[in-house]
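Analysis of the macromolecular model
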Amino acid sequence: MAFINDNYLELQDSYLFSTIARKVNEFVAANPDKKIIRMGIGDVTRPLVPAVTEAMHKAVDEMGKSETFRGYGPEQGYDFLHEAVQDYYKKMGVTLETDEIFISDGAKSDVGNITDIFGSENIVMIPDPVYPVYVDTNIMSGREIVYLDSNASNNFSPLPPTDNDVCPDLIYLCSPNNPTGAAYSKEQLAKWVEYAKENHAIILYDAAYECFISDPTLPRSIFEIEGAKECAIEFCSLSKTAGFTGTRCGYTIVPKALKGQDSNGEEVVINKLWLRRQTTKFNGVPYIIQRGAAAVFTEEGQKQVKENVAYYAENARIIADTMKECGITYYGGDNSPYIWLECPNNMKSWDFFDYLLNEIAVVGTPGAGFGNNGEGYFRLTAFGNRENTQEAMERFKTLFKK
């Protein structure tokens, strides 16, 4: 008999978005004549931009010729994409070495896989509410999780705890935040960097939504903060930046200055461990995809993808304006594609989900699915097309406009 990893038995039976899909499918089966507007899962609707598709077409042609065909590539990504990411970070004032950049099939994969190189005895600090992957992957590894209250009193941007009851080893931060839309200032992130260094902890920083930051005073990378290279790993993705949700490409920055400790108390360079993990368990992102990704960072590519980001940002503004018109308290919308709203009339999150689905056929994400502090809140995304976003908000007004 093969023994299982008992930690998997501690997981909820269904991933949040699987539950939502089941409920929506049941509604569609019972109401085939109703038009569903989906504002739940953060999937994009705008197509890949011309600069990307042109680069991918060219790469396909290369793969069809013996003299330019490529087989296995470097697991950590091709140099041309490393250099493109390097240049992108330079514009933020951040200098990276090429071997600190690891190309992957998306931030979700790396956020989960990074746990491979850390011991199960580590104590993990995770804000609540939070992207479920942070929690589930650490439950799978059997780690102790300490939750940090993220709520209205701290504008869903919690700062380091001042008590010393628990000393975390790994700290998850996401800015702009999924699900709340809150974004940390440089001063706030500096406090987290200071805290991590004082406690010899490592920050796992999810910057998947950095492209939505329009306020120039807000950091787009944790490495804009002095000392962060000694205590942080950064994950980023082209899913929202350039519509790669179905194309799959992202990157993780592991500074060579970052160190952990082995069981004998000896320092170990984290970068080397991650390289070893990736070269063992990952065969790399396809050449064609990486050529498309590199095109994102060209002058023309940046112009085009920023137009798509602006499109979604306008959707966020439309949703936020509707919340104001309906007198509903909300967070996010600025510097973020997510609107985190307080459920009207003290409704529970899943009750509000059912109410919107049954009354106006609009789908969002119940805040309770992101943690205990998400109860009573609800997430709407700005990734739909303009027509559907506007229609959904008109339907919303029929229920809540005062």
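Residues numbered from 1 in each chain as written. Predicted model: local features only at pLDDT ≥ 70, side-chain atom pairs only at ≥ 80, totals over all residues. Heavy atoms only, no water.

Examining the UniProt feature "binding site: substrate" (unreviewed entry) in the protein
Here the UniProt feature "binding site: substrate" (unreviewed entry) sits at Tyr15, Gly42, Lys108, Tyr131, Asn178, Asn283 and Arg379. In sequence the annotated residues extend across 365 residues, and in space they extend as well, their farthest C-alpha pair lying 35.2 Å apart. Position of glycine 42 relative to the elements: it lies in the loop between β1 (37-38) and α2 (50-63). Not counting chain neighbours up to four residues away, the residues in contact with glycine 42 comprise Lys240, Tyr338, Arg379, Thr381 and Phe383. Tracing the backbone through its elements, the reader meets tyrosine 131 in the loop between β3 (123-128) and α5 (132-140). (UniProt positions renumbered as here; feature names shortened; annotations may be inferred. Helix = DSSP H or I, 4+ residues; strand = E, 2+ residues; numbered from the N terminus. Contact = heavy atoms within 4.5 Å.)

With respect to the state of the cysteines
Linking two cysteines covalently through their sulfur atoms gives a disulfide. In this structure the tally under the stated criterion is zero disulfides. No disulfide involves cysteine 167; its nearest neighbouring cysteine sulfur is the one of cysteine 231, lying 13 Å away. Sulfur of cysteine 174: no disulfide; nearest cysteine sulfur belongs to cysteine 236 and is 10 Å away. (Disulfide = S-S within 2.5 Å.)

Let's talk about helix α11 (residues 349-360)
Its twelve residues give α11 an end-to-end C-alpha distance of 16 Å, which sits within 8% of 16 Å, the value for a rise of 1.5 Å per residue. If you check which residues of α11 are buried, you get Ser349, Phe352, Phe353, Leu356, Leu357 and Ile360. Projected down its long axis, α11 shows its buried positions confined to an angular sector of 130°, all on one face. Tucked inside the fold, the buried residues of α11 contact α1 (16-30), β12 (338-342), β13 (362-363), β14 (365-366), β15 (377-381) and α12 (386-400). Once α11 ends, the next one or two residues include alanine 361, with phi positive near 55°. (Expected span 1.5 Å × (residues − 1). Buried < 20%, exposed > 50% of the residue type's maximum accessible area, 1.4 Å probe, protein only. Arc of directions from axis to C-beta.)

Considering the sheet that holds strand β8 (residues 250-253)
Ordered by their spatial adjacency, seven strands build an open sheet running β2-β8-β7-β6-β5-β3-β4, and the pairing between neighbours is mixed. A single partner strand is all that each edge strand has here, and the edge strands are β2 (101-104) and β4 (144-149). Recorded for the sheet is a direction-independent mean angle of 20° between the axes of neighbouring strands. Bridge count between β3 and strand β5 (residues 170-174): two bridges; the pairing is parallel. The residue bridging valine 124 from the neighbouring strand is leucine 170, located in β5. (Pairing = 2+ DSSP bridges. Axes fitted to C-alpha atoms, helices over the stretch in contact; angles between N-to-C directions.)

Examining the pairing of β2
Residues Ile101 and Ile103 point to one face of β2 and Phe102 and Ser104 to the other, with burial holding for every one of them. Bridging between β2 and β8 involves four bridges; their strand directions are antiparallel. By the bridge assignment for β8, isoleucine 101 is matched with isoleucine 253.

What about the pattern of salt bridges?
Counted by the stated rule, this structure contains 18 salt bridges. Of the charged contacts, one joins glutamate 62 and arginine 70 as a salt bridge, the two residues approaching to 3.2 Å between their closest N and O atoms. Among the ionic pairs, glutamate 325 bridges to lysine 397, the shortest N-O distance being 3.4 Å. Of the two residues, glutamate 325 sits in helix α10 (residues 299-325) while lysine 397 sits in helix α12, which places them 72 residues apart along the sequence. Under the relative-accessibility criterion, glutamate 325 is labelled partly exposed at 35%. A single network of salt bridges, built from pairs that share partners, joins Glu314, Arg317, Asp321 and Lys324. (Salt bridge = Lys/Arg side-chain N within 4 Å of Asp/Glu carboxyl O.)

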